[in-house]
Structure formats: structure tokens, C-alpha cells
Amino acid sequence: MFSEFDQQIMARVIELAKLGLYSTKPNPAVGCVICVDDKIIAEAWHQKAGEAHAEQLAIKQAQLNGGFLVGATVYVTLEPCSHIGKTPSCADALILAKVKKVVIAMQDPNPLVAGKGIQKLMNAGIEVQVGLFEQEAKLLNKGFIHSMTNNIPFVRLKIASSLDGRTAMANNQSKWITGEEARVEVHKMRAKHGAIITGIGTVLADNPSLNVRLSDAQLMKMNLTTETCQPIRVVLDANLSISIDSKMFSSTGKTIIMTSKETTETSQDIINQLYQKNVEVVAVATDGDKLDIESVLAYLSKVENINDVMVEAGAVVAGAFIQSGFVQEVHVFMAPILMGDKAKPMFVLDGLNSMDDKINFEYSNIAMSGKDIHLTLTVSG
């Protein structure tokens, strides 16, 4: 069905899409190449939400270069959109350009599109092929796909630990467990996510900025700036114990404090002080004496339009997320050091009393990050 040339071009389209992995959120990263007579006449990638999509940019580039689009073949990682949102319909743009054929890696999971773009192209007499490098295209936009199909964000849990699975000394000292290379990788991970979740215990113990701290040169390569790279900081604080002078409040970017409805009804003074610092306070459902994780995630998806969430928290919150069943990936940056049995563990987990209760993982990737190991795991059945 797909020629060797088709495969070569779609591989290029995948690489183009990767250029937008950090800057397109909450939109998916998409690449596009236009060919005529087996020659590339234009290529583009979606650069930022609200701006022109990859197909529109490629069409414009081809036209500026004097290209004749009638009879062209268009390769794109994601089904062209069929609706008019912040930008015009890409399917309509391709029809207007009178292209002959569109090769699509994967169908768009967005219910607003979900096959409608393909059908619109076919109704206009354009040949459509779907499925070339589909798995590679899906890997590009795990968060977008998960959010569109589950109505909650894709959750990655990040932990820095010693070889013996410890995350801080008994006195809370944890700087620095891992080396500089691993820390830079973590900041890149933060920049890729729409929100970072932490617990009030971590905030009170470490007073973190919880922001992205990368050089201008590094951010430029990611198509970001100091302002646009910052995810939303989300603090789980059921009793509003946070200090009004917390360091994160002076950092660039938005902060949300998630608390219980009962607390919002009795803590108006601290809420007013937080609002004066441009900090939002949001009441979510509770599960016993803790905030309900599903409610937290649902709010971030529905209200903040977040597709990817990164959890950076202490053992209690990390354990709660693992046992909630909403974590899709665990990223462990493990340093070649020992911290001893008095140091704090990676997780506090309830109800694990026998080997039958153990939680199983699968390694999906193992890589070096400087002198440290970056383990990527998924929860297995």
C-alpha cells in the first residue's frame, strides 16, 4: 500500500512534528510535507497553539515558492482538521489547493474531527491513505490522545532517588541526589507538560520554585521562551497550609492551589491573600481526608485544557497517585549513591501486606543521563 518513497517522506514528517513537542500544547505536534512528482516542494510543522497548522504553513510555503499544488501529494502525521476553531479548516485548505492525495499517519482522536476530515477530503475526490507510521505518530502525542479519549490528562510521575530507593535524608535534605545532566532533563520534561502537581508536604519542606530553569539557547531549540515554557504549578493542599511567602509565588507562570470545599468556606482570609499574589484557589472533591485525584485531573483537563501532567511530590502523594491507577508512566532518575534505611522512601503505599498485593511495572526505556540512570516504567497488569 505504501511505497518506499512514502515511508521516507513520512519519516521526515515525523521528525518535523517533533520540533513542536514543547511549544504546541495543548495542541498536538504535527508535521507536513508536500510533494509533486516525488519531489518535496514544501514542508512545515505546527509551531504554537492558536497559530497556523502544519498543512496551512506548508501550503503557503509551496505557493510562495511558486509551487503548483494541483496533483500534489500531502503527507501529514495527523488527520487534517475539518472544523473551524482558532484557525481555518485544514481539510478545506487542501481541497481548495486541489491536491490529489493525502497520506495520513493517524486519525485524529478529537471528537470534533475523528474521521470527519478524512471523509471531507474523500467527498471532494481526494485520495486518502491512513496508517503509515501510525505507532510513531501516536508516540508523538500520548497526552493529546489520552486526554481526548479519557477526558483526563496523561500522567507522568517523576522521582529522583538513590540506588537504595531513597529520595531525601531524614532531615529532608535532598540537594542534590542526581547530577546536573539529569536535572536539565527534568527541566525539559517540565517544559513539555501543561501542569506540574506537587503536595503541600513538599512545598513546606523544600519551598521549591517548581518552574523551568533552562538557558535561552536551550529554550530557543525548543521553540520556547522563559514565559511560554512554564507549566501551571498545582499544589494539593487540603487544609490551605501553604505559606503566603512561598517561593513559587514569585516565579513566572501560573499557580493553582487545590483544596477542599470545606476549607474554602472557612479560610477566606488566606484565599484573599493568595488572590492578591495571582494564585488561584480551587475546591475539588475529597476522598476521606485527602483530595480526590480523579477530580484534580478532571479539573485540569476540562477547565485548564491540560493534556500532560507531571507529578513531582514526596512519598505520600507519589504513593497515592500510583495507587489511584491514573499514572501512565513513572520516570525514575536513579543516582549511583546509597542514602541508608533512615532516609525517606520513594512511595508510601497502603495495603501491601503480601506478595499478592505487589504493584508490577514494566521497563519501557532505560537510558543514561550523565552518571545517573533514567528509568521509564509503565504499570503492568
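Residues numbered from 1 in each chain as written. Predicted model: local features only at pLDDT ≥ 70, side-chain atom pairs only at ≥ 80, totals over all residues. Heavy atoms only, no water.

On to the pairing of strand β5 (residues 127-130), then. The pairing of strand β4 (residues 101-106) with β5 spans four bridges and is parallel. Paired with V103 across the two strands is Q129, which belongs to β5. As for the winding sense of the linkage, the β-α-β connection from β4 through helix α4 (residues 116-123) to β5 is right-handed. (Pairing = 2+ DSSP bridges. Helix = DSSP H or I, 4+ residues; strand = E, 2+ residues; numbered from the N terminus. Right-handed = clockwise from strand over helix to strand, strands pointing away.)

The five strands lie next to each other as β2-β1-β3-β4-β5, forming an open sheet whose pairing is mixed. Here the strands that pair on one side only, and so sit at the sheet edges, are β2 (39-45) and β5. The mean inter-strand angle of the sheet, taken between neighbouring strand axes irrespective of direction, is 15 degrees. Here five bridges tie strand β3 (residues 73-78) to β4, and the two strands are oriented parallel to one another. Residue pairing across strands places V74 opposite V102, the latter belonging to β4. Along the sheet face, helix α2 (residues 54-64) touches β1 (31-36), β2 and β3 and points at about 135 degrees away from the line of β2. Of the strands in this sheet, β4 and β5 are in contact with α4, which crosses β5 at around 150 degrees. (Axes fitted to C-alpha atoms, helices over the stretch in contact; angles between N-to-C directions. Contact = heavy atoms within 4.5 Å.)

A separate point is the nonpolar core. In this structure, I34, Y75, V99 and V102 are the most contacted members of the largest nonpolar core, which totals 44 residues. Setting aside anything within four residues of it in sequence, one finds V99 in contact with L69, G71, A72, V74, L94 and I126. Residues Y299, I306, V309 and V332 belong to the second largest nonpolar core, which totals 35 residues. (Core = buried A, V, L, I, M, F, W, Y, C linked by side-chain atoms within 4.5 Å. Buried < 20%, exposed > 50% of the residue type's maximum accessible area, 1.4 Å probe, protein only.)

On to the packing of aromatic side chains. Scanning all chains against the criterion turns up zero aromatic pairs. Sitting over the ring of W176, R183 keeps its end group 4.4 Å from the ring centre. (Phe/Tyr/Trp six-rings, centres within 6.5 Å; stacked < 30°, edge-to-face > 60°. Lys NZ or Arg CZ within 6 Å of the ring centre and 35° of its normal.)

The next point concerns a nonpolar patch on the surface. A cluster of nonpolar side chains, contributed by Y363, I366, M368 and I373, occupies part of the molecular surface with about 450 Å² of accessible area. The dominant element in the nonpolar patch, judged by the number of residues it contributes, is strand β17 (residues 361-369), at three residues. Looking at the secondary structure, you find I366 in strand β17. (Patch = residues over 30% accessible without salt bridge, like charges linked within 9 Å, V, L, I, M, F, W, Y side chains within 5 Å. Areas by Shrake-Rupley, 256 points an atom, 1.4 Å probe, with all protein chains shown as cover. Salt bridge = Lys/Arg side-chain N within 4 Å of Asp/Glu carboxyl O.)

The next thing to look at is the pattern of salt bridges. Within this structure, the stated rule accounts for twelve salt bridges. Ionic pairing is found between E43 and R12, a salt bridge with its closest N-O pair at 2.6 Å. Of this pair, E43 sits in strand β2 while R12 sits in helix α1 (residues 4-18), and the two are 31 residues apart along the sequence. For R190, the salt bridge goes to E312, with nearest N and O atoms at 2.7 Å. With R190 in helix α7 (residues 180-192) and E312 in the loop between β14 (308-311) and α13 (315-324), this pair connects stretches of sequence that are 122 residues apart. Each member of the pair R190 and E312 is classed as buried. Shared partners join several salt bridges into a network, and the residues in it are K142, R156, D308 and E329.

So far we have only geometry, and geometry alone does not tell us how the molecule works.
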